[in-house]
Amino acid sequence: MTAKTYDAAGSSGRPRDPVLEQAILAATVDIVARCGLSGATVEAVARQAGTGKAAVYRRWPSKTALVIAAMRALHADVTIPDTGSLREDLFACALHYTSGDEQATILLANVLSEATRNTSLREAAFEAIGKPPADALRLVITRSVARGEIAPSVPVDLLTGIIPAVAFRQVALHGRRIDTDTVADLVDHVLLPALRPCACVDATPEPAS
């Protein structure tokens, strides 16, 4: 079935064609990667996908929704590990930020750049891309608090935001993902020491004799 005959079929109530939807998302990724978010248009996406703008708008009500859908299609689903080890759970969650091929990274970099000027894009990107992996990290930490492994006084929201902030900064400024060595350093030298500070950190030094 061609894109044009699909459009007519869609208006008569037939199921949407997943092949066409994938073509639209792929065209979105390609055009944003080449032209930037501001240079990408729904018309250009539709033309490259071999369909009309109406077919795009029937699926996504705006360019923002289309771009967010394209981003989600390129990112792995978020999983919440439960290995029994806080360190391993944190590491597994943080590995999410290392995933994504070159196209996914370019698209994310474009979205992060534009999001500083576009409130609706920023909120949509956070809900779809930023929030799920951050929530996974938060759950791992709060679960460890509930188990009595770390103090309930730890600033969970602050610590949850450290890895995402580093990861998105790397993409926005350098156009690349953080690697597994960086993830290990963040977990071992930033998060774990903050979650389980050494007793000596809080100890009051003995007065000099």
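What counts as what
Residues numbered from 1 in each chain as written. Predicted model: local features only at pLDDT ≥ 70, side-chain atom pairs only at ≥ 80, totals over all residues. Heavy atoms only, no water. Phe/Tyr/Trp six-rings, centres within 6.5 Å; stacked < 30°, edge-to-face > 60°. Helix = DSSP H or I, 4+ residues; strand = E, 2+ residues; numbered from the N terminus. Buried < 20%, exposed > 50% of the residue type's maximum accessible area, 1.4 Å probe, protein only. Lys NZ or Arg CZ within 6 Å of the ring centre and 35° of its normal. Contact = heavy atoms within 4.5 Å. 1 Å grid on protein atoms, 1.4 Å probe; cavity = no way out; pocket = protein on both sides within 12 Å on 5 of 7 lines; lining within 4 Å. Points joined across faces, edges and corners; volume = space filled by probe spheres on them. Nonpolar A, V, L, I, M, F, W, Y, C, P; charged D, E, K, R; others polar.

Novice: Just checking my understanding: could you explain the packing of aromatic side chains for this structure?
Specialist: One pair of aromatic rings is described through two measures. These are the centre distance and the angle between the planes. Inspection of every chain in the model, using the stated rule, returns 1 aromatic pair. Seen from their ring centres, Tyr97 and Phe168 are 5.9 Å apart, and the 85° between their planes marks the pair as edge-to-face. Here Tyr97, found in the loop between helix H6 (86-94) and helix H7 (102-115), pairs with Phe168, found in helix H10 (residues 162-174); they are 71 residues apart in sequence, far enough to count as distant. A relative accessible area of 22% places Phe168 in the partly exposed class. A cation over a ring is seen here: Arg87 above Phe91, with NZ or CZ 4.9 Å from the ring centre.

Novice: It is not clear to me how helix H3 (residues 42-49) should be interpreted in this structure. Could you clarify?
Specialist: Because each turn of an α-helix spans 3.6 residues, side chains separated by three or four positions in sequence point in the same direction. Buried within H3 are the following residues: Val42, Ala44, Val45, Ala46 and Ala49. Those residues of H3 that are buried are in contact with helix H2 (18-39), helix H4 (53-59) and helix H5 (63-74). The first or second residue beyond H3 is Gly50, which carries a positive phi of 75°.

Novice: Please clarify how empty space enclosed by the protein should be interpreted in this entry.
Specialist: Remark: the empty space left among the atoms is shown by a probe the size of a water molecule rolled over them. The full count for this structure, using the stated rule, is 1 cavity of 30 Å³ or more. Reported here for the largest cavity is a volume of approximately 80 Å³. Around the largest cavity, the lining residues are His75, His96, Tyr97, Leu108, Ile129, Pro133, Ala167, Phe168, Val171, Arg177 and Ile178. Mapped onto the lining of the largest cavity, the elements with two or more residues apiece are helix H8 (119-146) and H10. Grouping the amino acids of the lining of the largest cavity by side-chain chemistry returns 8 nonpolar, 2 polar and 1 charged.

Novice: Could you clarify how one ought to interpret the layout of surface pockets in this entry?
Specialist: Considered as a void within the structure, the largest pocket measures approximately 340 Å³ in volume. If you go around the largest pocket, you meet 17 residues; those closest to its centre are Leu112, Arg122, Phe126, Gly130 and Phe168. Where the lining of the largest pocket is concerned, the elements lending two or more residues are H7, H8 and H10. Ranked by residue count, the leading element in the lining of the largest pocket is H8, at 7 residues. Surrounding the second largest pocket, Arg72, His75, Ala76, Asp77, Val78, His96, Ala128, Ile129, Pro132 and Pro133 form its lining. It is H8 that contributes the most residues to the lining of the second largest pocket, 4 residues altogether. Tallied by class, the residues present in the lining of the second largest pocket amount to 6 nonpolar, 2 polar and 2 charged.

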